[in-house]
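Spelled out, the chains give:
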Amino acid sequence: MAQSMNLKPFYLLLGVVAVAGGAWIWSARSGAAFEPVEVGPLSDSSLAASGWVIGSQSAPVEIVEYADFECGACGHWAILNAPDVKERLVATGRVRLRFRDFPLPGHPHSPLAHQAAACAGEQGGFWQMADQIFFNQSRWVGERNPAGMFEDYAEALGIDVGQYRSCMDEQRGAANIEAGRQAGLATGVSSTPSFVIGGKLFLGAQPYDSILKYVELAEARAAQ
Amino acid sequence: MTHRMVAALLALVGLLISVYLWLWKVGAIGVLACGDGGCETVQLSKYGDFLGVPVAFWGLLAYGGMLASALLGLQPRWQMRREPTLGLLVLSGAGVLFSAYLTYLEAAVIHAWCRWCVVSAVLVTVIFLAALIGWRTLARGTAPDEPAG
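Basis of the calculations
Residues numbered from 1 in each chain as written. Chains lettered and ligands numbered in written order. Predicted model: local features only at pLDDT ≥ 70, side-chain atom pairs only at ≥ 80, totals over all residues. Heavy atoms only, no water. Pairing = 2+ DSSP bridges. Helix = DSSP H or I, 4+ residues; strand = E, 2+ residues; numbered from the N terminus. Disulfide = S-S within 2.5 Å. Buried < 20%, exposed > 50% of the residue type's maximum accessible area, 1.4 Å probe, protein only. Salt bridge = Lys/Arg side-chain N within 4 Å of Asp/Glu carboxyl O.

This paragraph deals with the pairing of strand β6 (residues 200-203) of chain A. Residues and elements named next belong to chain A. Across two bridges, strand β1 (residues 37-38) lies against β6 in antiparallel orientation. Paired with V37 across the strands is L201, a residue of β6. Inspection of the sheet shows strand β5 (residues 194-197) paired to β6 by four bridges, in the antiparallel sense. Its bridge partner lying in β6, S194 is registered against L203. Linking β5 to β6, which pair antiparallel, is a turn of two residues; within it G198 sits at a positive phi near 60°.

Written as structure tokens, this is what we have:
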């Protein structure tokens with residue numbers, strides 16, 4: 001009879017799954033599942049120089065961000081955390097921020113988005129264009145061809161559209177993008193966003209408070 | 001009763017996944033374990049919300065309902081009744097349809113795959129099948145674990 005079944009082993013199994021799942025979620029909340037990895041400096045100077053930089057050359061700490069414009073977490077980070085990093089750390093001279101392109105293979109519009117940012121960057125508008133691309137990510141990510149949207153963003157930023165178009169046609173940003181990707185691979189980056197701060201590789205969209213903690217540790221090491 | 005035990009176990013796993021994705025969506029988890037970032041792309045797309053609420057929260061409610069139905073159906077006085085299985089059928093059926101829609105969006109519109117969403121789609125499909133088998137067994141007038149005839 002069904003009523004005579006002993007359900008204790010089943011409830012025990014259910015309890016084990018609930019406790020294990022709860023512990024897993026708790027560890028994800030505390031970030032314990034993602035330990036930073038020590039990484040060495042890039043030996044190839046062309047790779048080391050790749051990317052886009054804001055901040056003082058004399059800043060004691062450099063934050064390197066590896067990001068993909070079509071990656072949702074990268075967009076999330078750009079909206080929620082990058083403004084604080086730029087205002088509180090870069091503008092105050094504590095940090096130099098370097099963005100390296102790391103387009104992921106599963107994202108069909110990434111190559112175009114990275115080219116668009118690079119072509120805006122050719123005219124000094126990389127960071128503004130990167131913000132536009134990230135902030136509007138949910139609008140263009142589902143489009144069949146977002147090239148026109150990117151051009152609209154560039155135009156709104158005051159970019160010379162003729163020069164932008166010729167840059168896009170000739171893919172003049174390709175070498176820097178590929179160098180950024182190679183630098184990421186050489187560093188051990190496999191997902192985006194990833195950050196290198198003070199010689200340590202951190203995976204995932206790190207909140208501002210964590211970034212600040214890592215910067216303080218890097219500052220302390222640099223002062224020794 | 002076996003179908004209700006299977007449903008309860010899988011609904012609990014689905015509930016945990018939904019809680020995880022929902023906590024990330026509301027900012028309580030900084031990093032989503034997803035590999036290539038596809039989960040974030042899907043979660044942050046305009047399809048990441050349904051009726052103004054994160055899809056993961058709807059999943060949390062649906063799996064919570066399935067878990068409650070299955071556990072209720074395991075209590076002695078409910079074991080021979082069809083209502084808990086009907087609840088499972090309705091909730092998991094709606095879940096299968098919604099998961100099919102989301103899977104279509106991932107493949108054809110968003111062009112990114114959320115691995116947790118795929119796992120959830122498999123879970124809810126298995127729960128639906130288990131509920132369907134349980135319903136048919138109950139409809140034949142036998143308890144789910146009793147031999148027919």
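Residue and element names in this part refer to chain A. Pairing within the open sheet is mixed, and its six strands lie in the order β1-β6-β5-β3-β4-β2. On the outer flanks of this sheet lie β1 and β2 (52-54), each paired with one strand and no other. Here β2 pairs with strand β4 (residues 95-101) via three bridges, running antiparallel. Pairing of I54 across the sheet is with L97, part of β4.

Residue and element names in this part refer to chain A. According to the stated counting rule, one finds two disulfides over all chains in the structure shown. The residue that forms a disulfide with C119 is C167, at a sulfur-sulfur distance of 2.0 Å. Taking the torsion about the S-S bond as the criterion, the C119 to C167 disulfide, at about -85°, is left-handed. Separated by 48 residues along the polypeptide, C119 in helix α5 (residues 110-121) and C167 in helix α9 (residues 161-170) bring together distant segments of the chain. Assessed through its relative accessible area of 0%, C119 is described here as buried.

Here we take up the environment of B:A100. Residue and element names in this part refer to chain B. Mapped onto the elements of the fold, A100 is located in helix α4 (residues 83-110). Taking the relative accessible area as the measure of exposure, A100 reaches 46% and is therefore partly exposed. Separated by 25 residues in sequence, A100 and T125 place their C-alpha atoms 9.7 Å apart.

Turning our attention to the pattern of salt bridges. Residue and element names in this part refer to chain A. Tallied over the entire structure, the rule returns 11 salt bridges over all chains. In this structure, K86 engages D131 in a salt bridge whose closest nitrogen and oxygen atoms are separated by 3.4 Å. Highlighted residues: K86 in helix α4 (residues 82-90) and D131 in helix α6 (residues 126-135), separated in sequence by 45 residues. Note that E122 is salt-bridged to R172, the shortest N-O span being 2.7 Å. Taken together, the positions of E122 in the loop between α5 and α6 and R172 in the loop between α9 and α10 (174-187) put the pair 50 residues apart, joining distant regions of the chain. Overall, R172 belongs to the partly exposed group, its relative accessible area being 36%. Taken together, the shared-partner salt bridges in this structure form one network comprising E62, R96 and R98.

Residues and elements named next belong to chain B. Following the sequence through the fold, V6 ends up in helix α1 (residues 2-25). Under the relative-accessibility criterion, V6 is labelled partly exposed at 34%. For the pair V6 and A131, spaced 125 residues apart in sequence, the C-alpha to C-alpha distance is 9.1 Å.

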